[in-house]
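Structural characterization, general
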Amino acid sequence: MATATTMSGAAFDQLPNEESRDLELLQGELIEMPTGTPEHQLIILALASSLYQYFRRERSGGAIPDVEFAFGEDTRLRPDMAVLLGERWDSTNRKQTPIPLAPDIAVEVISPSERTVDSQRKVGIYLAAGTKEVWQFYPESRQVLVYKGAKSITPLDAEDTLSTPLLPGSEVSVLEIFEASN
Amino acid sequence: MSGAAFDQLPYEEGRRLELIEGEILTVVRPTPNHQSAVTVLLGSFLGYFGVEPSGWALSECEFALGEDDRLGPDVALRLQERWSIHEDRTPIPVPPDIVVEVVSPNERTDDSLRKIQIYLKDGVQEVWRVSGVTQQVFIHRAGPIAVLEINDILSPPLLPGWEIPLRETFRVKRQP
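Let me begin by describing the structure that accompanies this report. Computed from a predicted model, the values in this text were never measured in an experiment.

Our focus in this paragraph is the overall build of chain B. Within chain B one finds four helices and twelve strands. The C-alpha radius of gyration computed for chain B amounts to 16 Å, which stays within 12% of the reference 16 Å derived for 176 residues, consistent with globular compactness. Counting only C-alpha atoms and orienting by the principal axes, one finds that chain B spans roughly 55 × 35 × 35 Å. Across the 176 residues of chain B, 31% fall into the buried class. In chain B, the proportion of contacts linking residues at least 24 apart, taken out of those at least 6 apart, comes to 56%.

This is the structure we're talking about:
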C-alpha cells in the first residue's frame, strides 16, 4: 500500500492553484479529488439549482459549490456544496480562499473512488468544527445520508424528501436530484 | 452476469468474487486489523451459540440474496437454526439475519452502501458496519442508523444475553 503524502495546512495553502485544485488535506494527509463524472456534476447542478432558488427567495444565506474551507492547522476540505447562513454568509470574504470557518451544511456527492475511511473522517471533521448537518449523496444506491451529529444519521431513499429546520420551507426530492443525472 | 452463470464459474484457488445486481466485484485479501475485528466477533459468537445453540455465525460464506446477487459478508449470522441444514452448500440460499461488514482501508464507500441496501432489501434484519479507523460501529436497519462509539457496548435485541464492548472489538486498552 502506498504511504500517504503529508503536509501542513500552511504548506497546502502555498501550493500553486494547478496543484491544489484537485486535492484536499485531511488531518495532514493529501487526498486526491477525482475529476467529477457527468453523473456527479449533474447531481450537484440539480442541488445547486434548488438551493439557489431557495436563497433568492429567502435571502438568509447562500450555497457555494466547490470552494475550500480551512479546518484548523492541517485540514482543507472542498465540499461539493456548502451552505452558509445568516452572519456566516454575510461575513465570508467573497475574494478569499480558504474560508476559515465551518459551513452550516456540507454536501458531498460521493465519487465512485471515494474511500469509506476518508468520507467518515471528513464527516467527523465537519461536525466537530460546528457544521450542523452533512448530507452525503450516494449515486450507486441512490441514497442520501443526513448527519445531524456524531450519533444522528438518517438514511433517505428515492421516496423521501430532504428537508431541514435550517432551511425552513425547503423541500428537496431525493428522486428528482438523482434523476437529474439520468 | 446472471447469478446462475456466476454459480457455474469453475472453482479457482484464491479467487474471491462477489456479484451485485449482475456486476462482478473482486474482493481483496483483508488486512490484519480487519481480520482482528472479525476474529474477536466470531470468537464471541461461538461462545454465545455454543451455550445457546439457537443459531450460527460463519465468516466468508457466500449467500444467494437475489437472483443476481452473491455476497460473502465478513461475518453472517443465522438465528433459530442449525447450520447443518444447509448441507455444506455454496451459495447458501437464504439471507443471513445479521451481517457484519468490517470496513477495509481501501473499500469504496459507494459500493459498501450499495451492498448494505441489497442486504436489507433481501431479508437481512441488521447490517453492522465496523469501522476500526474511526472506532465506531454503525447499525443499519429500517429507520435511522445507530452509531456506537468507543466507550459503548453493542448489545443487540436480536441476540438476547449477548453483548460486546467496542473496546474489546477494536482491542483498545482502557486508559489507566
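Residue and element names in this part refer to chain A. The six strands are arranged β3-β6-β7-β8-β9-β10 in an open sheet whose pairing can be described as mixed. Both edges of this open sheet fall to β3 (61-65) and β10 (152-156), since each of them pairs with a single strand only. Within this sheet the neighbouring strands show an average axis-to-axis angle of 15°, counted without direction. Of the strand pairs in this sheet, strand β8 (residues 133-138) and strand β9 (residues 143-149) are connected by five bridges, and their pairing is antiparallel. Within the sheet, the bridge partner assigned to Trp-135 lies in β9 and is Val-146. Sitting on the sheet, helix α3 (residues 38-58) touches β3, β6 (81-85), β7 (105-109) and β8, and the angle it makes with β3 is about 165°.

Another aspect to go through is the nonpolar core. By size, the foremost hydrophobic cluster in this structure holds 69 residues, and its most contacted members are Met-81, Trp-135 and Phe-137 of chain A together with Val-100 of chain B. A total of six residues in this core trace back to one element, the largest contributor, which is helix α2 (residues 32-51) of chain B.

It is worth spelling out the sheet that holds strand β9 (residues 136-140) of chain B at this point. Residue and element names in this part refer to chain B. If you walk across this open sheet you meet the six strands as β3-β6-β7-β8-β9-β10, and the pairing is mixed. Of all strands in the sheet, those bounded by a partner on one side alone are β3 (55-58) and β10 (146-148). Neighbour to neighbour, the strand axes of the sheet diverge by 15° on average, direction disregarded. One ladder, built from five bridges, connects strand β8 (residues 126-131) with β9; its direction is antiparallel. For Val-127, the partnering residue across the bridge sits in β9 and is His-140.

Looking now at helix α3 (residues 109-121) of chain B. Residues and elements named next belong to chain B. Relative to the 18 Å expected for 13 residues at 1.5 Å per residue, α3 spans 18 Å between its end C-alpha atoms, a close match to the ideal helical length. Residues of α3 that are buried: Thr-109, Asp-110, Ser-112, Leu-113, Arg-114, Lys-115, Ile-116, Gln-117 and Tyr-119. At the C-terminal side of α3, Gly-123 shows a positive phi close to 110°.

With 18 residues of chain B at the contact, the number on the chain A side is 21 residues. In terms of residue count, the dominant contributor to the side of chain B that touches chain A is α3 of chain B (seven residues). Along the lines of polarity and charge, the residues of the side of chain B that touches chain A split into seven nonpolar, six polar and five charged.

Residues and elements named next belong to chain A. Spanning 21 residues, α3 covers 30 Å between terminal C-alpha atoms, matching the ideal 30 Å at 1.5 Å per step. Of the residues making up α3, those classed as buried are Ile-43, Ile-44, Leu-47, Leu-51 and Tyr-54. Summarising the axial view, the buried residues of α3 lie within an arc of 95°, below the 170-degree limit, and thus occupy one face. Among the exposed residues of α3, those pointing more than 90 degrees away from its buried face are Pro-38, Tyr-52, Gln-53, Arg-56 and Arg-57. Elements in contact with the buried residues of α3: β3, β6, β7, β8 and α6 (174-179). Looking at the residues trailing α3, positive phi occurs at Arg-59, about 55°.

Before going further, it helps to spend a moment on unusual backbone geometry. A cis amide bond links Thr-97 of chain A with the next residue in sequence, Pro-98 of chain A, at an omega value of 0°. Its location among the elements puts Pro-98 of chain A in the loop between α4 (86-91) and β7. Here Thr-90 of chain B and Pro-91 of chain B are connected by a cis peptide whose omega angle stands at -5°. Considering the arrangement of structural elements, one finds Pro-91 of chain B in the loop between β6 (75-79) and β7 (98-102). Backbone geometry places Glu-60 of chain B, a non-glycine residue, at a positive phi of 65°.

Here the focus is the environment of Gly-132 of chain B. Residues and elements named next belong to chain B. When you line up the elements, Gly-132 lands in the loop between β8 and β9. What makes Gly-132 buried here is the crowd of 21 C-beta atoms within 10 Å. For the pair formed by Gly-132 and Gln-117, sequence separation is 15 residues and the distance between their alpha carbons is 21 Å. Non-local contacts of Gly-132, meaning those with residues more than four positions away in its chain, are made with Asn-33, Ala-37, Val-103 and Phe-170.

All names here are of chain A. Summarising the element assignment, Ala-180 is placed in the segment after α6. A count of 16 C-beta atoms within 10 Å places Ala-180 in the partly exposed class. Sequence-wise, Ala-180 and Asn-93 are 87 residues apart; in three dimensions their C-alpha atoms are separated by 32 Å. Setting aside chain neighbours within four positions, we find Ala-180 in contact with Leu-42, Ile-43, Leu-45 and Ala-46.

As a further point, take the pairing of β6 of chain B. Residue and element names in this part refer to chain B. Most of β6 is tucked away: four of the five residues are buried. The sheet contact formed by β3 and β6 spans four bridges and is antiparallel. Bridge pairing in β6 places Trp-56 opposite Arg-78. Two strands pair when backbone bridges link them, and β6 and β7 are joined in this way by three bridges, in the antiparallel orientation.

Calculation rules
- Residues numbered from 1 in each chain as written.
- Chains lettered and ligands numbered in written order.
- Predicted model: local features only at pLDDT ≥ 70, side-chain atom pairs only at ≥ 80, totals over all residues.
- Helix = DSSP H or I, 4+ residues; strand = E, 2+ residues; numbered from the N terminus.
- Rg over C-alpha atoms; globule rule 2.2 N^0.38 Å.
- Buried ≥ 20, exposed ≤ 12 C-beta atoms within 10 Å, placed from the backbone.
- Contact = placed C-beta atoms within 7 Å.
- Pairing = 2+ DSSP bridges.
- Axes fitted to C-alpha atoms, helices over the stretch in contact; angles between N-to-C directions.
- Core = buried A, V, L, I, M, F, W, Y, C linked by C-beta atoms within 7 Å.
- Expected span 1.5 Å × (residues − 1).
- Nonpolar A, V, L, I, M, F, W, Y, C, P; charged D, E, K, R; others polar.
- Arc of directions from axis to C-beta.

In short, shape yes, function no, at least from these values alone.
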